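Listed here are the chains, written in short residue letters.
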Amino acid sequence: FSTSTSSSTTASSPSILRNPLQWYVSKLDTHPLTTKIITSGLISGSGDLLCQYLTSKRSSSDDESNNDIEKYQPFNWMRTLRFTILGSFLVAPTVHAWYG
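Fair warning: this is a prediction, and the values are worked out from it, not measured in the lab. (Residues numbered from 1 in each chain as written. Predicted model: local features only at pLDDT ≥ 70, side-chain atom pairs only at ≥ 80, totals over all residues. Heavy atoms only, no water.)

Participant: Kindly report on the environment of S88, identifying the contributing residues and their values.
Facilitator: By the element assignment, S88 lies in helix α4 (residues 77–99). Using a relative accessible area of 8% as the deciding quantity, one classes S88 as buried. As a C-alpha pair, S88 and T35 span 53 residues in sequence and 10.0 Å in three-dimensional space. S88 has contacts with I37, S40, G41 and P93, leaving out every residue within four places of it along the chain. Polar contacts involving the side chain of S88 include one to the main-chain carbonyl oxygen of I37, which spans 3.3 Å. (Helix = DSSP H or I, 4+ residues; strand = E, 2+ residues; numbered from the N terminus. Buried < 20%, exposed > 50% of the residue type's maximum accessible area, 1.4 Å probe, protein only. Contact = heavy atoms within 4.5 Å. Polar contact = N/O pair within 3.5 Å; in protein donor to acceptor, adjacent residues only side chain to side chain.)

Next comes the structure, spelled out in structure tokens:
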């Protein structure tokens, strides 16, 4: 077992566990559009989930006075999927073409 080969491969290719920012930047250099598509999709989808969570918390605190409104509202996964697809395949390529 030689440790010199494993250290030389990690020196040329940054590891996501050791330095995630350097790994991300190297992916932006080698695969810019793919990296932006994945990043934009993750941000759009997680942003929509956060929005749904916060609005459900707000409506549940308002519902204390209104008992006839359902307190628990499940996540709308189709809405999140739409946001993820739009972020990935509309926003990311457009911003990539616009800003380079």
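Still more to cover.
Participant: So what about α4? Which residues, and what values?
Facilitator: With 23 residues, α4 should reach 33 Å at 1.5 Å per residue; the first-to-last C-alpha distance of 31 Å fits that figure. By the largest-angle criterion, G87 marks the main kink of α4, which is about 35°. Every buried residue belonging to α4 is among T80, G87, S88 and A92, and all of these are buried. Residue N76 occupies the N-cap position of α4, its side-chain oxygen lying 3.3 Å from the main-chain nitrogen of M78. A positive backbone phi angle near 90° is found at G100, which sits one or two residues after α4. (Expected span 1.5 Å × (residues − 1). Bend = angle between axes of the 7 residues up to and from the residue.)

Participant: I'd like a description of the environment of W23, backed by residues and values.
Facilitator: Structurally, W23 can be placed in helix α2 (residues 20–30). Given the relative accessible area of 28%, W23 is considered partly exposed. Separated by ten residues in the primary sequence, W23 and S13 place their C-alpha atoms 7.7 Å from one another. Beyond its immediate sequence surroundings of up to four residues, W23 is in contact with P14, S15 and I16.

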